[in-house]
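Take a look at the letters that make up each chain.
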Amino acid sequence: MIHKQDFRKLGPVLWEIPTSYRHDMRVPVRIIADDRILEAALSDKSILQAVNASTLPGLVSHIIVMPDVHQGYGFPIGGVAATRLPHGVISPGGIGYDINCGVRLLSSRIPAKAVEPHLDDLASALYANCPSGVGVKGSIRLSVKQLDQICRQGAVWTLKNGYAREEDVERTEGGGCIEGADPAHVSDRAKQRGRPQLGSLGAGNHFIEVDFVEQVFHPEAAQAMGLEEGMIALQIHCGSRGFGHQICSDYVRELQGAVKRYQIQLPDRELVCAPLNSPEGKRYLSAMTCAANYAFANRQVLVHHARRTFEQTLAGKVSDWELHQVYDIAHNIGKIEEHVVDGEKVRVCVHRKGATRAFGPGFEELPDEYQELGQPVLVPGSMATSSWVLLGTEGSMALSFGSTCHGAGRTMSRKRAKRTVRGDQLRERMESKGIHVRARSMPGLAEEAPQAYKDVDAVIEVVVRAGIAKKVARLRPMAVIKG
Amino acid sequence: MKGPYFEEIEHTADQALRVRGTDFKELLHNAALGMLELTGAIPRSGPSRDREIEVQAPDREGLLVTWLEELLFSMETRGVTYTKFELHITGDTHLVAKVQETPIAAITRHIKAVTYHDLEIEKIVDGLETTVVFDV
């Protein structure tokens with residue numbers, strides 16, 4: 001059991017568990033939290049999982065935990081860890097099964113008031129046109145050859161095949177295509193799961209949400225992103241579907257043997273890993289990249305469906321129904337990046353599991369319009385509450401390997417949420433607030449009730465106080481489409 | 001031990017199942033039943049099909065994960081659930097299961113994966129017990 005007194009307070013919202021806490025820790029664990037969030041994090045296994053993750057070979061500096069932290073498996077959700085190339089390890093469990101689960105945000109010039117009379121139709125049409133639910137197939141049946149192309153090209157494949165605009169791809173993390181993918185390292189089973197699912201939302205906490213921009217905090221950034229108070233925006237939250245789940249499962253199984261070969265001692269088998277320069281580590285990195293690229297393409301195809309839906313529903317009713325990409329970010333991923341550690345530039349593999357890249361101004365990958373501002377960061381809240389658009393900062397480069405939070409973070413188990421909340425009543429409450437809901441499962445809706453999550457606004461205040469993000473705009477939901 | 005023992009236990013983000021069995025074979029059987037209950041899969045009335053599933057792993061925990069993953073894979077790719085199991089194990093690392101597959105009429109929960117998180121099969125007074133965490 002970890003107690004608050006096991007932490008050293010390093011700053012107003014920064015705490016550290018030193019390596020002296022447990023003999024097998026290789027680096028300290030730091031958490032960005034106020035007192036309330038820290039105390040909440042101690043109520044489950046989140047911090048213990050971060051301490052376990054601190055035993056991985058090749059870690060640099062520290063493990064950093066975000067204020068939306070909650071218990072996961074292996075790593076905590078909200079954990080960031082960087083391992084040094086070439087000998088440091090890569091851990092599939094430190095990235096998660098839903099590889100490149102992420103968020104995309106689109107802006108519009110559609111006034112919320114103008115869409116209100118058509119919102120019910122819009123929600124129904126999005127629900128009908130964007131396949132969602134358990135095991136549901138997508139709108140495109142891929143051949144093996146096409147799937148292999150997506151593995152290598154990601155969102156660029158969707159551009160070549162008429163599902164994207166150039167601005168979409170430019171405004172996607174990594175240009176929607178991470179180098180190093182080799183589908184030869186992906187199992188036939190993963191391909192079998194991935195071929196029918198492109199362009200599908202999935203289930204669980206994945207969603208499409210029609211929002212309106214409630215408040216702008218950074219007018220210059222909001223203008224560059226096309227976000228204006230009172231206008232509609234669209235969020236999409238999903239990942240690499242069964243393709244990514246199978247790739248992670250395959251490699252967690254394979255690396256059970258690798259840790260023995262490389263004589264790596266771990267406190268939890270879910271943390272299995274392999275050196276980045278080992279054959280096993282290279283294969284996993286390459287396969288994981290395939291899934292990351294698949295997820296970029298998946299969200300892009302959903303954008304294609306969403307644009308078609310907006311046109312079908314709103315053409316002739318509003319003057320401009322276009323949706324423009326703001327940005328697309330991954331929050332479950334391993335990325336090879338360069339960071340300054342102890343004054344020295346080093347290449348590391350940054351594991352972000354439930355954490356968002358948040359690079360500051362001047363990062364060359366960013367499109368011109370974001371160069372001087374920093375990278376857009378998209379933080380969805382729980383259903384019926386705010387979502388946030390932020391900017392990455394130089395502070396995040398110094399403190400958190402260029403990362404910030406990814407959401408509100410759960411506080412209540414799904415089991416307890418279902419005992420506490422009835423899905424049909426939650427739906428009625430949301431509808432009474434003017435939020436249109438489409439969901440396949442009422443128990444599934446209950447699991448995602450706002451009561452099951454932390455207050456996202458409190459999480460955002462903490463990351464802003466820590467200097468790892470800046471506020472740009474707050475969004476409010478008008479229609480929620482749940483998988 | 002009376003009837004198949006499995007119980008969903010608290011987990012903040014995902015789902016966890018405590019499973020018991022008088023022996024390893026029963027533990028594997030109960031884990032499968034428990035996982036199916038978590039998915040809420042309802043079989044469609046009508047014809048079912050017998051099938052044999054064979055899985056291997058280096059140890060007991062690995063066999064448990066591989067077995068459950070095998071069932072999830074068929075549920076997703078072929079849209080089937082399971083109405084009968086007959087398990088035969090050799091040592092702790094090899095399982096042959098005769099199963100009855102039936103198309104799924106409805107399902108409420110998507111399980112992404114079976115994890116190895118803190119997975120340990122432990123001896124208890126009247127058999128074996130473990131806790132499996134599922135990514136959902």
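Residues numbered from 1 in each chain as written. Chains lettered and ligands numbered in written order. Predicted model: local features only at pLDDT ≥ 70, side-chain atom pairs only at ≥ 80, totals over all residues. Heavy atoms only, no water.

Student: Tell me about the packing of aromatic side chains, and name the residues and values.
Tutor: For the structure shown, the criterion picks out nine aromatic pairs over all chains. Centre to centre, the rings of Y73 of chain A and Y97 of chain A are 5.4 Å apart; their planes meet at 50°, and the pair counts as tilted. Here Y97 of chain A lies in the loop between β6 (89–90) and β7 (102–111) and Y73 of chain A lies in strand β4 (residues 63–73), a separation of 24 residues in the sequence. Given the relative accessible area of 1%, Y97 of chain A is considered buried. Grouping aromatic residues by their ring pairs yields a cluster made of W67, Y82 and F85 of chain B. Note that R20 of chain B overlies the ring of Y5 of chain B, its terminal NZ or CZ placed 4.4 Å from the centroid. Lying over the aromatic face of F24 of chain B, R60 of chain B brings its terminal NZ or CZ to 5.0 Å of the ring centre. (Phe/Tyr/Trp six-rings, centres within 6.5 Å; stacked < 30°, edge-to-face > 60°. Helix = DSSP H or I, 4+ residues; strand = E, 2+ residues; numbered from the N terminus. Buried < 20%, exposed > 50% of the residue type's maximum accessible area, 1.4 Å probe, protein only. Lys NZ or Arg CZ within 6 Å of the ring centre and 35° of its normal.)

Student: Describe the environment of V156 of chain A, naming the residues involved and giving the relevant values.
Tutor: All names here are of chain A. Within the secondary structure, V156 is located in helix α6 (residues 155–160). A residue is classified by how much of its surface remains accessible, and V156, at 24% relative accessible area, is partly exposed. Considered as a pair, V156 and S46 are 110 residues apart in the sequence and their alpha carbons are 37 Å apart. With sequence-adjacent residues up to four places away left out, V156 is seen in contact with V169, G175, G176 and C177. (Contact = heavy atoms within 4.5 Å.)

Student: Can you explain the nonpolar core? Please cite residues and give values.
Tutor: Ranked by size, the top nonpolar core spans 147 residues in total, and within it I31 and F243 of chain A together with W67, L68 and F134 of chain B carry the most contacts. Beyond its immediate stretch of four places on either side in the chain, F134 of chain B contacts D14, Q15, L17, M35, L38, L68, I111, A113, V114 and T115 of chain B. In terms of nonpolar packing, the next biggest core, distinct from the first, is built from 27 residues, L119, L122, C130 and L314 of chain A among them. (Core = buried A, V, L, I, M, F, W, Y, C linked by side-chain atoms within 4.5 Å.)

Student: Let's hear about the interface of chain A and chain B: which residues, and what values?
Tutor: Between chain A and chain B, the contact holds 39 residues from the first and 31 residues from the second. Where chain A abuts chain B, roughly 3200 Å² becomes buried across the two surfaces, and 48% of that area is made up of carbon and sulfur atoms. When residues of chain A are sorted by the area they lose upon contact with chain B, V134, R269 and K415 of chain A head the list and together hold 19% of the total. The tally of links between chain A and chain B comes to nine salt bridges. The tally of links from chain A across to chain B stands at 19 residue pairs in polar contact (both at pLDDT 80 or more). Looking at the side of chain A that touches chain B, the elements with two or more residues in it are β4, α8 (188–194), α10 (241–261) and α14 (414–420) of chain A. Examining the composition of the side of chain A that touches chain B, we find that eight residues originate from one element, α10 of chain A, more than from any other. (Buried area = accessible area lost by both parts, 1.4 Å probe. Salt bridge = Lys/Arg side-chain N within 4 Å of Asp/Glu carboxyl O. Polar contact = N/O pair within 3.5 Å; in protein donor to acceptor, adjacent residues only side chain to side chain.)

Student: I'd like to hear about the packing of helix α5 (residues 144–153) of chain A against helix α11 (residues 279–314) of chain A, residue by residue, with values.
Tutor: Residue and element names in this part refer to chain A. Taken N-terminus to C-terminus, the directions of α5 and α11 make an angle of 95°; their axes are 7 Å apart at the nearest point. Judged by the angle between their axes, α5 and α11 are roughly perpendicular. Counting all contacts with α5, which are made through L147, I150, C151 and R152, the residues of α11 involved are T289, C290, N293, Y294 and A297. Looking at the contact of α5 with α11 residue by residue, the class counts come to six nonpolar, two polar and one charged. (Axes fitted to C-alpha atoms, helices over the stretch in contact; angles between N-to-C directions. Parallel < 35°, antiparallel > 145°, perpendicular 65-115°, else oblique. Nonpolar A, V, L, I, M, F, W, Y, C, P; charged D, E, K, R; others polar.)

Student: So what's going on with the side chain of S396 of chain A? Residues and values would help.
Tutor: All names here are of chain A. Mapped onto the elements of the fold, S396 is located in helix α13 (residues 394–399). Relative accessible area serves as the criterion here: at 0%, S396 is assigned to the buried category. S396 has contacts with A358, F401, G402, S403, G467 and I468, leaving out every residue within four places of it along the chain.

Student: So what's going on with the packing of helix α1 (residues 24–39) of chain B against helix α2 (residues 60–78) of chain B? Residues and values would help.
Tutor: Residue and element names in this part refer to chain B. Following both chains from N to C, one finds α1 and α2 inclined at 35°, their axes separated by 10 Å at the closest point. Seen from above, α1 lies across α2 with right-handed handedness. Across the interface between the two elements, F24, L28, A31, A32, M35, L36 and T39 from α1 touch R60, L63, L64, W67, L68, L71, L72 and M75 from α2. Split into classes, the residues belonging to the contact of α1 with α2 amount to 13 nonpolar, one polar and one charged. (Left-handed = near helix turned anticlockwise from the far one by under 90°.)

Any functional reading would require information beyond the geometric quantities listed.
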